[in-house]
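Close look at the chain arrangement
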Amino acid sequence: MKSESTMFKPAGSKPLSRGIVKTVLLAFLMGTAGLPVFVNAQATTPESLTLERIYKDDDFRLKKFGPLRWLEDGSGYTTLEASPEFPDARDIVKHSPASGTRAVLVGAGRLVPHGATEPLPISDYHWSADGRKLLIFTNSVKVWRYETRGDYWVLDLVSGKLTQLGTFAEPSTLMFAKFSPDGGRVGYVVENNIYVEDLNTAAVVQLTHDGSATIINGTFDWVYEEELSCRDGFRWSPDGTHIAYWQSDTSGTGTFYLIDNIDSLYSRPIPLPYPKVGTTNSAVKVGVVPAAGGATKWFDIPGDPRNNYLARMEFIPDSAEVMIQQLNRLQNRNTVWIGHVESMRLTNILTDRDDAFLEIHDNIQWLDDGKYFTWTSEQDGWRHLYKVSRDGQEMALITRGEFDVVSIACIDEQGGYVYTIASPDNFTQRYLYRSPLDGSGAPQRISPKGMAGQFAYQMSPDARWAVATFQNATTPDRISVVSLPDHEEKSVLEDNSELKATIDALGLTPKEFLKIDIGAAVLDAWMIRPPGFDPGRKYPLIFYIYGEPASSTVQDRWSGGDLWHHYLARQGYVVMSIDNRGTDVPRGRAWRKSIYRQVGILATHDQARAARVILERFPYIDPERVGMWGWSGGGQMTLNCMFRYPEIYTTGIAVAFVSDQRLYDTIYQERYMGLPDDNEEGYHDGSPINHAANLAGHLLIIHGTADDNVHYQSFERLVDELIRQNKLFSMMSYPMRTHSLSEGVNTALHLRRTMAGFWKRNLPPGGPGGASRGPESVEK
């Protein structure tokens with residue numbers, strides 16, 4: 001983990017708080033008369049859809065269930081439920097789906113530390129392999145995106161003894177604690193060093209000693225976490241004798257400084273090691289250290305450690321070997337190594353290549369007593385699962401067909417099936433299929449055909465049971481226990497019926513899914529029309545866009561009810577979203593890789609072509625009132641569309657955007673664009689700052705000054721360029737807010753009111769004869 005001096009500490013987390021409880025907002029408005037005064041036009045009724053109800057009162061909260069964990073024997077799952085003994089605490093409860101019984105395994109009363117009166121709040125929990133001990137994660141705080149630092153306690157379920165780990169360390173500084181295979185020890189990270197604590201003797205062994213502001217042991221730097229999802233950076237060997245771990249050396253990586261101007265009299269710089277496109281990465285290596293203490297031995301993996309990424313490392317079950325995945329800097333080659341922890345010998349067993357880029361998949365499972373493993377590849381043009389021999393010489397297709405496997409739900413070796421999420425016929429939906437592990441048959445759909453939308457599953461290890469979650473654009477999460485493979489529903493854990501009734505009372509116009517043929521491709525889209533829609537009138541159109549390879553906006557899922565866009569429709573707008581080529585959609589390799597080396601270019605052209613088709617196809621849309629908005633990559637796309645096609649897009653809002661792709665991080669941007677020296681034209685043409693001179697419409701740009709992901713620098717550089725080009729625009733800065741713009745008091749509501757007011761002033765709703773407002777008005 002990063003030291004206090006180098007770690008960005010997000011607002012709102014108590015031990016790391018910057019004290020952001022102020023409502024001070026730094027607003028610059030250029031080219032407008034100032035911010036409007038917003039009021040509610042009517043008293044709130046069940047039919048009212050107001051920004052206050054959505055972003056302040058939280059009237060539309062989705063109920064979840066869990067977190068839950070299946071027991072290894074598949075007999076049931078455990079979850080956290082409110083304790084009747086302690087109002088603010090939770091019990092750990094076991095549910096047995098076969099019998100329908102419920103039993104409290106660990107009552108909150110067993111988690112009261114000596115001398116305390118209240119139980120430990122549970123952020124997370126893990127069982128030891130023998131089921132005799134429980135590891136509790138509590139008092140957690142954020143590190144970047146997730147709460148990965150905190151305190152750990154162990155409850156001996158036999159003796160009832162509750163013991164805190166790492167008492168030598170400051171509170172809430174332990175990370176990624178995990179039991180040894182025999183359950184007798186726990187390893188964890190403190191201040192960039194790895195420790196092992198004996199649960200019988202309480203003796204602590206420090207395994208690494210060089211952890212510092214620049215040497216990171218057992219966890220990762222910012223860019224590995226953000227772009228490769230690497231956080232927990234050490235692994236126990238199956239026999240418990242060794243620990244393998246990553247070490248990152250961030251020296252030589254450029255430091256970006258976030259500036260805190262609101263917490264004290266003088267500004268405070270917050271250093272952030274952050275490798276921007278084309279610059280120096282951290283040097284990362286994998287080593288092995290005896291769990292009892294001793295010297296670390298390092299694998300001598302070929303290649304410059306700053307120009308390759310060690311993206312994954314896991315021990316092979318029941319062996320003294322690790323599997324390491326090494327991506328080259330361009331991320332179009334994945335070299336798979338097997339390393340022996342005693343001899344440190346390395347063997348290259350597989351090399352996956354792509355002409356564009358590769359993605360990392362976390363679904364490797366060893367089969368046939370370690371003779372084979374599963375591997376995900378797009379080598380036949382579709383994302384499929386393969387069975388690969390341990391020496392890499394044999395590779396056989398498991399999932400067959402001209403469709404993409406979206407994800408793996410379960411690999412049931414004993415039953416002989418792999419369960420996958422896919423949607424061969426509708427790219428906006430997701431269903432459960434199963435295929436024979438020997439690759440002998442076609443996939444069989446398991447999800448019921450009468451329910452259109454998206455399913456997700458947490459399956460038991462024996463594949464006999466699952467907790468299934470169903471949703472679609474009009475149905476909030478319905479969570480139930482089902483038996484498999486018949487998919488018979490045994491019990492409903494949460495149906496969100498109250499939320500559904502609340503939403504139904506609003507009388508929203510349905511989200512319609514449609515196809516847009518632009519010639520080069522047929523694109524998926526959705527549309528929300530205003531209530532009381534009259535095809536004989538003219539309506540303004542607002543596009544919502546993402547458009548980059550990391551996500552998709554056109555999906556038949558709940559998405560919080562998409563109430564922001566329904567709110568805009570109620571003000572008199574038609575709202576639409578389109579997935580251009582290159583977005584993360586299960587439409588095959590060619591679709592996803594089409595965007596390679598042209599992020600911001602292909603999407604812009606596809607969106608413009610689609611807009612022209614829409615304007616011709618739907619005569620009720622006013623071609624003089626077309627707007628677009630997006631966040632992050634969608635903010636960049638909004639700017640590109642407005643600057644490249646000002647004759648189409650008259651108004652736009654760009655939030656937390658990249659204005660110049662060279663300002664973003666190495667792993668993400670180089671994966672999709674290549675290196676800047678080898679793709680100068682692509683980086684130039686895909687960066688909206690280079691087209692700012694073409695701005696002709698109304699533009700509002702928004703950013704948080706503490707955005708560690710897309711830096712405020714990107715915002716300020718665009719501002720500077722727009723001023724240089726003598727372009728008038730509006731801007732809003734949120735002090736010490738991050739990429740999510742969620743920190744601080746009233747931020748979410750203020751943001752949406754600012755956006756809604758901008759639309760009303762610059763893209764007036766309604767048809768001829770005046771604005772057509774819905775039941776609520778944005779501004780007086």
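Residues numbered from 1 in each chain as written. Predicted model: local features only at pLDDT ≥ 70, side-chain atom pairs only at ≥ 80, totals over all residues. Heavy atoms only, no water.

1. Here we look at the overall build of the protein
Across its full length, the protein holds eleven helices and 44 strands. Since a compact globule built from 780 residues should have a radius of gyration of about 28 Å, the 27 Å found for the protein is in line with a globular shape. Projected onto its principal axes, the C-alpha positions of the protein cover 80 × 60 × 60 Å. With 780 residues in all, the protein has 58% of them scored as buried. Partitioning the intrachain contacts of the protein with sequence separation of at least 6 by distance along the chain shows that 59% fall at a separation of at least 24. (Helix = DSSP H or I, 4+ residues; strand = E, 2+ residues; numbered from the N terminus. Rg over C-alpha atoms; globule rule 2.2 N^0.38 Å. Buried < 20%, exposed > 50% of the residue type's maximum accessible area, 1.4 Å probe, protein only. Contact = heavy atoms within 4.5 Å.)

2. A look at helix α8 (residues 666-673)
By the criterion of burial, α8 is predominantly enclosed, with eight of the eight residues buried. Residues of α8 that are buried include every one of Thr666, Ile667, Tyr668, Gln669, Glu670, Arg671, Tyr672 and Met673, and no others. For α8, the elements touching its buried residues are α2 (222-228), β21 (308-315) and α9 (680-686). Where α8 begins, the capping side chain belongs to Asp665, and its oxygen is found 3.1 Å from the backbone nitrogen of Ile667. (Polar contact = N/O pair within 3.5 Å; in protein donor to acceptor, adjacent residues only side chain to side chain.)

3. Here's the deal with the pairing of strand β37 (residues 512-517)
A regular strand places its side chains on the two faces of the sheet in alternate fashion. Bridging between β37 and strand β38 (residues 522-528) involves six bridges; their strand directions are antiparallel. Looking at β38, one finds that Phe513 is bridged to Trp526. Hairpin connection, β37 to β38: the antiparallel pair is bridged by four residues, and Gly519 has positive phi, about 95°. (Pairing = 2+ DSSP bridges.)

4. Some points on the side chain of Asn193
Tracing the chain through its elements places Asn193 in strand β12 (residues 193-198). Once you skip the residues sitting within four places of it in the chain, Asn193 turns out to touch Tyr188, Gln206, Thr208, His209, Asp210, Gly211 and Asn217.

5. Focus: the sheet that holds strand β2 (residues 68-70)
Taken together, the four strands give an open sheet; going across it, the order is β2-β3-β4-β5, and neighbouring strands pair in antiparallel fashion. Looking along the sheet, the strands with just one partner apiece sit at the ends: β2 and β5 (101-106). Going across the sheet, the axis of each strand differs from the next one's by a mean of 35°, ignoring polarity. Relative to β5, strand β4 (residues 90-96) runs antiparallel, the two sharing five bridges. Within the sheet, the bridge partner assigned to Ser96 lies in β5 and is Thr101. (Axes fitted to C-alpha atoms, helices over the stretch in contact; angles between N-to-C directions.)

6. Focus: empty space enclosed by the protein
Considering all chains together, one arrives at three cavities of 30 Å³ or more under this definition. If you add up the space inside the largest cavity, you get close to 50 Å³. For the lining of the largest cavity, the residue count by class is five nonpolar, four polar and one charged. (1 Å grid on protein atoms, 1.4 Å probe; cavity = no way out; pocket = protein on both sides within 12 Å on 5 of 7 lines; lining within 4 Å. Points joined across faces, edges and corners; volume = space filled by probe spheres on them. Nonpolar A, V, L, I, M, F, W, Y, C, P; charged D, E, K, R; others polar.)

7. Concerning the packing of helix α4 (residues 563-570) against helix α11 (residues 747-762)
For the pair α4 and α11, the least separation of the axes is 12 Å and the interaxial angle reads 30°. Of the possible angle classes, the one that applies to α4 and α11 is roughly parallel. Crossing angle aside, the handedness with which α4 passes α11 is right-handed. Where α4 approaches α11, its residues Trp564, Tyr567 and Leu568 are matched on the opposing element by Arg752, Met755, Ala756 and Trp759. For the contact of α4 with α11, the per-class residue count stands at six nonpolar, no polar and one charged. (Parallel < 35°, antiparallel > 145°, perpendicular 65-115°, else oblique. Left-handed = near helix turned anticlockwise from the far one by under 90°.)

8. Observations regarding the pattern of salt bridges
Throughout the structure, instances matching the rule amount to 38 salt bridges. With a closest N to O distance of 2.7 Å, Arg53 and Asp59 form a salt bridge. Residues Glu498 and Lys63 are paired through a salt bridge, measuring 3.7 Å at the closest nitrogen-oxygen approach. You can see Glu498 sitting in helix α3 (residues 497-505) and its partner Lys63 sitting in the loop between α1 (51-55) and β2, a full 435 residues away along the chain. One connected set of salt bridges, linked through shared partners, spans Asp354, Glu378, Asp404, Arg589, Arg592 and Lys593. (Salt bridge = Lys/Arg side-chain N within 4 Å of Asp/Glu carboxyl O.)

9. Quick look at the confidence of the model for the protein
Per-residue confidence for the protein gives a mean pLDDT of 92, with 92% of residues at or over 70. Across residues 768-780, where pLDDT falls below 50, the model places 44 contacts with residues more than four positions away in sequence or in other chains. (pLDDT = per-residue confidence, 0-100.)

10. Some points on the sheet that holds strand β34 (residues 465-472)
Strand order in this open sheet of four strands is β33-β34-β35-β36, and the pairing throughout is antiparallel. Each end of this open sheet is capped by a strand with a single partner; those strands are β33 (454-459) and β36 (488-494). For this sheet the average axis-to-axis angle between neighbouring strands, irrespective of direction, equals 30°. Inspection of the sheet shows strand β35 (residues 475-483) paired to β36 by five bridges, in the antiparallel sense. If you follow Ile479 over to β36, its bridge partner there is Glu494.

11. Looking at the pairing of β4
Burial analysis of β4 places five of its seven residues in the buried class, the great majority of the element. One ladder, built from six bridges, connects strand β3 (residues 77-82) with β4; its direction is antiparallel. Bridging across to β4, Ala82 finds its partner in Arg90. Counting the residues that bridge the hairpin from β4 to β5 gives four residues, and of these Gly100 lies at a positive phi of roughly 75°.

12. Observations regarding the environment of Gly441
Position of Gly441 relative to the elements: it lies in the loop between β31 (431-436) and β32 (444-445). Separated by 34 residues in sequence, Gly441 and Ser407 have C-alpha atoms that sit 19 Å apart. Contact partners of Gly441, with chain neighbours within four places excluded, come to Arg400 and Pro436.

13. Considerations on α11
The terminal C-alpha atoms of α11, which comprises 16 residues, lie 23 Å apart, in line with the 22 Å expected from a rise of 1.5 Å per residue. Taking burial as the measure, the 16 residues of α11 include 13 buried ones, the bulk of the element. (Expected span 1.5 Å × (residues − 1).)

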